[in-house]
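Chain residues, written in single-letter form:
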Amino acid sequence: MLTLAVTLLSALGLVALIVGAVVVAVYLSLATPAYVLEAQSTGDALRRSWRLVKGSWWRTLGVLLLSAAVGGVLMLIFAIPTSVILMSSEQTFGSLVEGDLTVAGHIVNAIGSLLATTVATPVISGAVVLLYIDRRIRREGLDVTLTEAARQRAATP
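Residues numbered from 1 in each chain as written. Predicted model: local features only at pLDDT ≥ 70, side-chain atom pairs only at ≥ 80, totals over all residues. Heavy atoms only, no water.

Draft legend 1. Just the overall build of the chain, in detail. Tallying secondary structure elements over the chain gives 7 helices and 2 strands in all. For the chain, the α and β elements follow one another from N to C terminus as α-α-α-α-α-β-β-α-α. Computed over its C-alpha atoms, the radius of gyration of the chain comes to 23 Å, more than 25% above the 15 Å expected for a compact globule of 157 residues. Counting only C-alpha atoms and orienting by the principal axes, one finds that the chain spans roughly 70 × 60 × 25 Å. Looking at the chain as a whole, 24% of its 157 residues are labelled buried. Contacts in the chain between residues at least 24 apart in sequence constitute 57% of all its contacts with a sequence separation of at least 6. Of the roughly 10,600 Å² of accessible surface on the chain, a fraction of 71% belongs to carbon and sulfur atoms. Looking at charge distribution, the chain has the averaged site of its 11 positive side-chain charges lying 17 Å from that of its 9 negative ones. (Helix = DSSP H or I, 4+ residues; strand = E, 2+ residues; numbered from the N terminus. Rg over C-alpha atoms; globule rule 2.2 N^0.38 Å. Buried < 20%, exposed > 50% of the residue type's maximum accessible area, 1.4 Å probe, protein only. Contact = heavy atoms within 4.5 Å. Areas by Shrake-Rupley, 256 points an atom, 1.4 Å probe, with all protein chains shown as cover. Lys, Arg positive; Asp, Glu negative; His and termini not counted. Charge placed at Lys NZ, Arg CZ, Asp CG, Glu CD.)

Draft legend 2. Structural view of the pattern of salt bridges. Scanning the entire structure with this criterion turns up 7 salt bridges. Between Asp44 and Arg47 there is a salt bridge; the shortest N-O distance is 2.7 Å. Residue Asp44 and its partner Arg47 are both found in helix α3 (residues 42-53); the two are separated by 3 residues, about one turn of the helix. A relative accessible area of 34% places Asp44 in the partly exposed class. (Salt bridge = Lys/Arg side-chain N within 4 Å of Asp/Glu carboxyl O.)

Draft legend 3. Layout of unusual backbone geometry. One non-glycine residue with positive phi stands out, namely Ala39, at about 50 degrees. Summarising the element assignment, Ala39 is placed in the loop between α2 (31-37) and α3.

Draft legend 4. Here's a closer look at the packing of aromatic side chains. All told, the structure shown has 2 aromatic pairs when counted by the stated rule. Measuring from ring centre to ring centre gives 4.2 Å for Tyr27 and Trp50, while their planes differ by 15 degrees; the resulting arrangement is stacked. Highlighted residues: Tyr27 in helix α1 (residues 2-27) and Trp50 in helix α3, separated in sequence by 23 residues. Relative to Trp58, the ring of Trp57 lies with its centre 4.8 Å away and its plane at 90 degrees, an arrangement referred to as edge-to-face. (Phe/Tyr/Trp six-rings, centres within 6.5 Å; stacked < 30°, edge-to-face > 60°.)

In structure tokens form, the structure reads like this:
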């Protein structure tokens, strides 16, 4: 009985740890755009991200999950042909299943991974930046500020 209780409590603790990590990760997901676009310090960018996400945590999580899913599909588009190429000739590329690739196999695998990452990373990063701008527009009225700045710039000779 004690073993069952310890196992259940350990599993509950692990679930709580994972849930807590996801909650914090979503709250801090906009820190990079805040750091880059607002030229803030690390601590200020983390606080800024927390404030921007506050009140729309579920929406932010949904957009992040959707962008991760799109990035995953894009990576699969390159991973599947790479796997097919590697499995086409075991003598040339080695065994992909056993993880015993030859130099040529490692080169093909690296090229496939490079292409997948090159395509997927900008999509995910772009989604995070658009989410950051969306949160600023909804929370702070950034669109009004940008419109006013454009009017002032157009009026100045």
